[in-house]
Amino acid sequence: MSRFLIDRYQDIEEYTPGEQPQNMDQFIKLNTNESPYPPSPGVLAVLNSGEAAKLRLYCDPDCGVLTKKLAELYGVKPENVFFSNGSDDILNFIFMIFCGEETPVAFPAISYGFYKVYAQLHRTDALKIPLKEDFSIDYKDYCGLGRTIIIANPNAPTGQTLGLAEIEEIARTNPDNVVVIDEAYVDFGAESAVPLTKKYDNLLVVQTFSKSRSMAGARLGFAIGHKDLIADLTKIKYSTNPYNINRLTQTAACAAIDEDAYYKENGRKIRETREYTVKKLEEMGFEIIPSKANFIFIKNDQIDGEKLYTVLKERKILIRHFTDPAIAQYNRVTIGTPEQMDAFLNEVKNILREEE
Ligand code: PMP
């Protein structure tokens, strides 16, 4: 820390991203919930087609073409859509403008680790609501709360979901507060709350191109909600960095939307591989939280969570371990291709045998 950093930022406990090793090809990477499948053929074609030569020019700060396409895909109007540089960027804006000293926030105690960082960064009081014993969220805890509410659905790192009726009840009973549903993993089996945004002007849904659309490295997230909420987000984007979605990402995302069927099929494959992996792990004595995401949250009393993570890493398989004592016995495993999961399962079997 330099002696110039102003007081309010000195104590921030920053987010620790999952490892992104430089020698990536040597690893089976099941630690940051990326898609194991490449972007669709049209995305690759368009990136190689001369768009790069236009990098001399600024990109469209409104993401006009992309906004129209995405609005059509989701059955909303362009005025209901906001894009930013990854959904992390949108969550940051949300904490910046919808949470504060007079508008505290609430989110599940076990959830996406960035929420508490943003709460600290934007100096808002955060109520961290415990999960039920089975790691599910009790929607009733959020009804009539009178705080800004952020819920990941499916939740991370558990993969558990809330139903639409439950989300509707949360939105309905908090009419004077923004309710944010973070749907980073929705395409792997949860129901999207996007249709409810037409009925509730306080409901904001956030999604990403990082997971189901195989574009984590392109950094693209979007929000769908009432036009006034979208206008608020746009105001802040235009007060910080209007050109925050680069030209190549905009072009690639348009091509991805044109090939939606490719991504739906990848989602189906990942769900199938998830069920296969769960079955095999259960046979090995693992406890697995039922997941509707592209990851599973697993533990086995035969081996310490951190040890399993460490030994797998030595054997070039990366999974995600969290140090929070409440979940330290668990590991989060991203669902890869069937071949990657077989390699993972094999190695896990070897490690358990060595533990006996
Ligand atoms: N929300 C959740 C629940 C996540 O797990 C992640 C990914 N780490 C994000 C948001 C952010 O994703 P991105 O910024 O890549 O869109």
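So, a few notes on the structure that sits alongside this text. These numbers come from a predicted model, not from an experiment.

1. Concerning the pattern of salt bridges
Under the defined criterion, the tally for this structure stands at 20 salt bridges. The shortest N-O distance in the salt bridge between arginine 268 and glutamate 265 comes to 2.8 Å. On the criterion of helical spacing, the pair formed by arginine 268 and glutamate 265 is a turn pair, its members being three residues apart in helix α8 (residues 260-283). Assessed through its relative accessible area of 36%, arginine 268 is described here as partly exposed. The exposure class assigned to glutamate 265 is partly exposed, which follows from its relative accessible area of 35%. Overlapping salt bridges, with partners in common, bring together Glu51, Lys54 and Arg247 in one network.

2. Overview of helix α9 (residues 305-314)
Those residues of α9 lying buried are Gly305, Leu308, Tyr309, Val311 and Leu312. On its buried face, α9 sits against β11 (317-318), β12 (331-334) and α10 (338-355).

3. Things to note about the layout of surface pockets
Taken as a whole, the second largest pocket holds about 340 Å³ of empty space. In terms of lining residues, the second largest pocket is bounded by 17 residues, among which Tyr74, Asp187, Arg213, Asp260 and Lys264 are the most central. Mapped by element, the contributors of at least two residues to the lining of the second largest pocket are α2 (64-74) and α8. If you tally residues by element for the lining of the second largest pocket, the top one is α8, at six residues.

4. Re the environment of asparagine 31
The residue asparagine 31 is located in the loop between β1 (28-29) and α1 (41-47) in this model. For asparagine 31 and histidine 321, which are 290 residues apart along the polypeptide, the C-alpha to C-alpha distance reads 8.5 Å. Excluding anything up to four places from it in sequence, asparagine 31 contacts Gly18, Glu19, Leu318, Ile319, Arg320, Arg332 and Thr334. Among the polar contacts listed, one links the side chain of asparagine 31 to the side chain of lysine 29, at a separation of 2.9 Å.

Criteria and cut-off values
Within every chain, residues take consecutive numbers counted from 1 along the sequence as written. Totals for whole chains, interfaces and linings use every residue, but because this is a predicted model, local features are given only for residues with pLDDT of at least 70 and side-chain atom pairs only at 80 or more, for both listing and counting. Based on all heavy atoms of the structure, the side-chain values leave hydrogens and waters out of the count. Salt bridge, as applied in this entry: a Lys or Arg side-chain nitrogen positioned within 4 Å of an Asp or Glu carboxyl oxygen. Each helix is a run of DSSP H or I of at least 4 residues and each strand a run of E of at least 2, with the numbering of both proceeding from the N terminus. Only protein chains enter the area calculation, which uses a 1.4 Å probe; residues under 20% of their type maximum are buried, those over 50% are exposed, and those in between are partly exposed. Contact definition: two residues touch when any of their heavy atoms are within 4.5 Å. In this analysis the probe radius is 1.4 Å and the grid spacing 1 Å, with only protein atoms considered; a cavity is a set of points the probe fits into but cannot get out of, a pocket is an open set with protein on both sides within 12 Å along at least five of seven lines, and lining residues have an atom within 4 Å of a point. Grid points are joined across faces, edges and corners, and a volume is the space filled by probe spheres set on the points. In the analysis that follows, any N or O atom pair within 3.5 Å is treated as a polar contact, provided that within protein one partner can donate a hydrogen and the other can accept it, and provided that, for residues neighboring in sequence, both atoms belong to side chains.

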